[in-house]
Amino acid sequence: MGSENADIVIIGAGFSGLYAMHRLRNYKVVCFEAGDGVGGTWYWNRYPGARVDIESMEYSYGFDEALQQEWNWPEYFSAQPDLERYANHVADRFGLREQVRFSNPVRRLAFDEASNLWHVHSEQGDHVVCRHVIAATGSLSAPNLPPWPGRETFTGEIYHTARWPKENVDFSGQRVGFIGTGSSGIQATPIIAEQADQLCIFQRTPAFCMPSGNRPLDESHEHDWKTNYAERREQMLNSYGVSLVDYSRFSAHDCTPEEREQILEKAWHSRSAFQLLFAFSDVMTDKQANDMVCDFVHRKIRAIVHDPETAELLCPTSYPIGGKRLCMGNGYYEMYNRENVELVDVRSSPIVELTAKGLRTTDQEYEFDAIVMATGFDAVTGAMTRIDIQGRAGNTLLEKWKNGPTTHLGSMVAGFPNLFMIHGPATPGAQAQMITSGEWQVNWTADIIEDMQRKAFSRIEATVDAEQAWAQEVDACASQSLLRLADSWYNGKNIEGKKGGFMVYVGGFPRFAQLCEQAIEEDYSGFVLE
Ligand code: NAP
């Protein structure tokens, strides 16, 4: 097949990719998408109970006033089908679907230095030559399948929460083995427990889980948002990323134990899953303050879960609350009071293999009809390193990032000109609100592309010095946060052997945005243009 030309290739028709298509509609754009529909995260993660943990009035696009006025969310925290419906509505309303090549993931990118053009090769054999590539590939999109041997021998079905089938999966009458107790596991297990005969949950590290404040959206709340949307969106960009949290100004140490208890009790029942982390100003920076919040949650777990041994296993003690993404559940701890649910600690006796009948830990073999893996993602870098990306001088991104990702402002990589990432390594990512911050990054990227066209530049590249300076900024912010004390997808330690440091920018979205804008105002500081 011959090649074709475009101005820009966008990889991924998730929320950022869709907006990038709209924002850059005056260019010839081709978008490649691995799935057969739009929505990215909300296309793939259709497991039972999948639901966003940020209010939908906020977790939605702000680029079009008519869109945000006309759309109605049925619940405070939308379930996956509503989010997927919204993505489809946006694709149709703005005529984006025609530009997307579905079921056609990008397999190879190669930069041609003589022409300053990228050659993009897809699975279905498409070959597009373009000036710019925007990787809107998502930070939680490459599923992690731990390399247990024996997978092919298991005679039942194996599911991964991030590759859930579209057809209804019914576990009625089945013995189900469920691996993983992060956000996905916590949402899926209470629903599967209601169907299955037996549900055996394999936990390596317990999670902190807040009860979800989900309920049907009330009209006055919706009306309040819709009359003040512009202001609300502005607040979101000027906050830590989520505006619906009361950010406390006082330390946990400034309260009496009774006052602390009252504040935490209120936070536990608040409408935002993240309120516990901001109940005091120092929960994420002071270990003692954090311990007080951990202690509060441990007491909640012990009060809910009847069996004391199970309750102790469920109490996270090896990392600070907020160190891993706080989870939002619906009857998660209560589920362990059911007769048909068992919790197995695979920290003390790890899973060693899958077998024909089920799986084996170092202790014993368990028999199942189905196995569900909620084992998370090769996060932040996985979606990029799974593509064969060759930059200048034939250097590959895989090689460049073998000891961990390096970027300038989370957006570009030295040696890989004209390749932009949205939610790339060392951006705020899930430490901000992904749709709004994604829109912001798309606008920043599109402004650069338009400016290059005006000034007749054909190439932009980050410098190695700028990458090093950005790494220092990222580390300096992480060193002030207790987030560094947990093994999680934020630092790649959820996956054995994955190298690199902290991959998320925790200096806050406002500072991130300011530094990105400043770099452009200072004559593209940290970039070289030709
Ligand atoms: P995750 O948080 O990384 O959880 C994966 C789970 O699998 C963890 O319990 C992990 O244990 C376990 N696991 C991984 N490898 C294992 C192994 N070899 N043996 C035993 N257990 C293993 O992944 P996730 O639950 O899919 O969530 C990822 C992120 O997606 C979240 O942090 C959140 O940002 C986002 N998310 C959000 C929502 C929401 O909005 N409500 C829902 C789902 C996901 P360890 O903890 O020991 O590694």
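Structure shown above.
Computed from a predicted model, the values in this text were never measured in an experiment.

1. Concerning the overall build of the protein
For step 1, the next point in the chain: Along the backbone of the protein there are 16 helices and 22 strands.
For step 2, the next point in the chain: For the protein, the C-alpha atoms occupy an extent of roughly 70 × 55 × 45 Å along the three principal directions.
For step 3, the next point in the chain: For the protein, buried positions account for 58% of its 530 residues.
For step 4, the next point in the chain: Expressed as a percentage of contacts within the protein between residues at least 6 apart in sequence, the contacts between residues at least 24 apart total 70%.
For step 5, the next point in the chain: Carbon and sulfur atoms make up 47% of the accessible area of the protein, which amounts to about 21,700 Å² in all.
For step 6, the next point in the chain: Computed over 47 positive and 72 negative side-chain charges, the separation of the two mean positions in the protein equals 3 Å.

2. What to know about the environment of glycine 508
For step 1, the next point in the chain: By the element assignment, glycine 508 lies in the loop between helix 15 (464-479) and helix 16 (509-521).
For step 2, the next point in the chain: Residue class for glycine 508 comes out buried when judged on its relative accessible area of 9%.

3. Considering the environment of tryptophan 268
For step 1, the next point in the chain: Inspection of the secondary structure assignment puts tryptophan 268 in helix 8 (residues 257-268).
For step 2, the next point in the chain: Take tryptophan 268: its relative accessible area is 6%, and that puts it in the buried class.
For step 3, the next point in the chain: Each C-alpha atom, one on tryptophan 268 and one on glycine 213, is 9.4 Å from the other, the two residues being 55 residues apart in sequence.

4. What about the site of the ligand?
For step 1, the next point in the chain: Around the ligand there are 24 residues in total, and Arg51, Ser184, Arg204, Thr205 and Trp489 lie nearest to it.
For step 2, the next point in the chain: Contact distances for the ligand include 3.2 Å between an oxygen atom and a backbone N or O atom of alanine 374.
For step 3, the next point in the chain: Burial of the ligand by the protein amounts to 88% of the accessible area it has alone, namely 900 Å².
For step 4, the next point in the chain: Class assignment of the residues belonging to the shell around the ligand gives a composition of 8 nonpolar, 10 polar and 6 charged.

5. Quick notes on the packing of aromatic side chains
For step 1, the next point in the chain: This structure, assessed with the given rule, holds 36 aromatic pairs.
For step 2, the next point in the chain: When the ring of phenylalanine 15 is compared with that of tyrosine 86, the centres are 6.0 Å apart and the planes differ by 25°; the resulting orientation is stacked. With a gap of 71 residues between them, phenylalanine 15 in helix 1 (residues 15-23) and tyrosine 86 in helix 4 (residues 80-93) connect regions that are remote in the sequence.
For step 3, the next point in the chain: With a relative accessible area of 1%, tyrosine 86 lands in the buried category.
For step 4, the next point in the chain: With a centroid separation of 5.1 Å and an interplanar angle of 90°, the aromatic rings of phenylalanine 202 and tyrosine 366 are classed as edge-to-face. Here tyrosine 366 lies in strand 17 (residues 365-367) and phenylalanine 202 lies in strand 11 (residues 198-203), a separation of 164 residues in the sequence.
For step 5, the next point in the chain: Cluster of aromatic residues (ring-pair linked, three or more members): Phe15, Tyr19, Tyr61, Phe63, Trp71, Trp73, Tyr86 and Phe94.
For step 6, the next point in the chain: Over the ring of tryptophan 225 we find arginine 232; its NZ or CZ atom is 4.7 Å from the centre of that ring.
For step 7, the next point in the chain: Sitting over the face of the ring of tyrosine 319, lysine 324 holds its NZ or CZ atom 5.4 Å from the ring centroid.

6. A short note on the sheet that holds strand 15 (residues 351-354)
Strand pairs in the sheet, formed through backbone hydrogen bonds, run parallel or antiparallel to each other.
For step 1, the next point in the chain: The strand order across the open sheet built from 3 strands is 15-16-17, with neighbouring strands paired in antiparallel fashion. Every other strand in the sheet has two partners, leaving strand 15 and strand 17 as the edge strands with one partner each. Each strand axis lies, on average, 25° off the axis of its neighbour in the sheet, ignoring direction.
For step 2, the next point in the chain: Bridge analysis of strand 15 against strand 16 (residues 358-361) gives 3 bridges, and the strand direction is antiparallel. Paired with leucine 354 across the bridge in strand 16 is leucine 359.

7. With respect to helix 14 (residues 434-454)
For an α-helix the count is 3.6 residues per turn, leaving residues at separations of three or four pointing the same way.
For step 1, the next point in the chain: Look at helix 14: 30 Å from first C-alpha to last across 21 residues, which is about the 30 Å you get at 1.5 Å a residue.
For step 2, the next point in the chain: Across the 21 residues that make up helix 14, a large majority, 16, are buried.
For step 3, the next point in the chain: Where helix 14 begins, one side-chain oxygen reaches toward the backbone nitrogen of isoleucine 435, 2.8 Å away; that side chain belongs to glutamine 433.
For step 4, the next point in the chain: Just downstream of helix 14, alanine 456 is the residue with a positive phi angle, here 60°.

Thresholds applied
- Residues numbered from 1 in each chain as written.
- Predicted model: local features only at pLDDT ≥ 70, side-chain atom pairs only at ≥ 80, totals over all residues.
- Heavy atoms only, no water.
- Helix = DSSP H or I, 4+ residues; strand = E, 2+ residues; numbered from the N terminus.
- Buried < 20%, exposed > 50% of the residue type's maximum accessible area, 1.4 Å probe, protein only.
- Contact = heavy atoms within 4.5 Å.
- Areas by Shrake-Rupley, 256 points an atom, 1.4 Å probe, with all protein chains shown as cover.
- Lys, Arg positive; Asp, Glu negative; His and termini not counted.
- Charge placed at Lys NZ, Arg CZ, Asp CG, Glu CD.
- Near = heavy atom within 4 Å.
- Polar contact = N/O pair within 3.5 Å; in protein donor to acceptor, adjacent residues only side chain to side chain.
- Nonpolar A, V, L, I, M, F, W, Y, C, P; charged D, E, K, R; others polar.
- Phe/Tyr/Trp six-rings, centres within 6.5 Å; stacked < 30°, edge-to-face > 60°.
- Lys NZ or Arg CZ within 6 Å of the ring centre and 35° of its normal.
- Pairing = 2+ DSSP bridges.
- Axes fitted to C-alpha atoms, helices over the stretch in contact; angles between N-to-C directions.
- Expected span 1.5 Å × (residues − 1).

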